[in-house]
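Structural features, examined
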Amino acid sequence: MKIIIINGPNLNLLGKREPEVYGKTTFEDYFADLQFKFQDVQLEYFQSNSEGEIITKLHDCGFEGYKGIVLNAGAYTHTSIAIGDAIKGITTPVIEVHISNTFAREKFRHQSYISPVAKGVILGFGLKSYDLAIESFKHK
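Because the structure is a prediction, the values reported are computed rather than measured.

1. Quick word on the packing of aromatic side chains
Scanning the entire structure with this criterion turns up six aromatic pairs. Look at Phe27 and Tyr45: their rings are 4.6 Å apart centre to centre, the planes differ by 35°, and that puts the pair in the tilted class. Note that Phe27 is positioned in helix H2 (residues 27-37) and Tyr45 in strand S2 (residues 42-47), a separation of 18 residues in sequence. Judged by its relative accessible area of 1%, Phe27 is buried. Assessed through its relative accessible area of 24%, Tyr45 is described here as partly exposed. Each residue in the set Phe27, Tyr30, Phe31, Tyr45 and Tyr130 is aromatic and connected to the rest through ring pairs, giving one cluster. Note that Lys2 overlies the ring of Tyr66, its terminal NZ or CZ placed 4.4 Å from the centroid.

2. A few points about helix H3 (residues 51-61)
Taken residue by residue, H3 has Ile54, Ile55, Leu58 and Cys61 as its buried positions. Buried residues of H3 fall within an arc of 135° about the axis and therefore sit on the same side. Those residues of H3 that are buried are in contact with strand S1 (2-7), S2, strand S3 (68-72) and helix H4 (81-89).

3. Points about the packing of H2 against helix H5 (residues 128-138)
Contact pair H2 / H5: the axes reach a minimum separation of 11 Å and the direction vectors enclose 35°. The crossing of H2 and H5 is right-handed. Two secondary-structure elements touch here, H2 through Phe27, Tyr30, Leu34 and Lys37 and H5 through Lys128, Tyr130, Asp131 and Ile134. A breakdown of the residues in the contact of H2 with H5 according to their chemical character gives five nonpolar, no polar and three charged.

4. Concerning the sheet that holds S1
One open sheet accounts for five strands, arranged S2-S1-S3-S4-S5; its pairing is parallel. With partners counted over all chains shown, the strands left at the sheet margins are S2 and strand S5 (120-123), one partner each. Taking each pair of neighbouring strands and ignoring which way they run, the sheet shows an average axis angle of 20°. Against the sheet, H3 engages S1, S2 and S3, with an angle of about 170° to S1.

Quick notes on the rules
- Residues numbered from 1 in each chain as written.
- Predicted model: local features only at pLDDT ≥ 70, side-chain atom pairs only at ≥ 80, totals over all residues.
- Heavy atoms only, no water.
- Phe/Tyr/Trp six-rings, centres within 6.5 Å; stacked < 30°, edge-to-face > 60°.
- Helix = DSSP H or I, 4+ residues; strand = E, 2+ residues; numbered from the N terminus.
- Buried < 20%, exposed > 50% of the residue type's maximum accessible area, 1.4 Å probe, protein only.
- Lys NZ or Arg CZ within 6 Å of the ring centre and 35° of its normal.
- Arc of directions from axis to C-beta.
- Contact = heavy atoms within 4.5 Å.
- Axes fitted to C-alpha atoms, helices over the stretch in contact; angles between N-to-C directions.
- Left-handed = near helix turned anticlockwise from the far one by under 90°.
- Nonpolar A, V, L, I, M, F, W, Y, C, P; charged D, E, K, R; others polar.
- Pairing = 2+ DSSP bridges.

What follows is the structure, encoded as structure tokens:
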């Protein structure tokens, strides 16, 4: 089983950026923990601060070979109709993930262009949100 995690803008700063919201662990360290925990899953990881690169990666992974895509589009969640359209155009299921509870934050974070086209949404469980998304693909 192959699953890719795609992280959007500023998630490369995990461990440094707003640790009171996002924690003190880098995603690279957390990804190593995920690989250990889910040894029966071939996990891949991609991060970009560029909307176009995220769309291209969705296209690349969206038709065959992947059981699922775990997507934390960061702020693009609230602004990118194009990422929503890319998800709508692919066949690989996407789980939208957020580390924080976006509904407990600024009002603009309450809107998602991804939720209506995602298989599911997991938010507010810190980095464990990624674990839950991976688990959801394992139990389909």
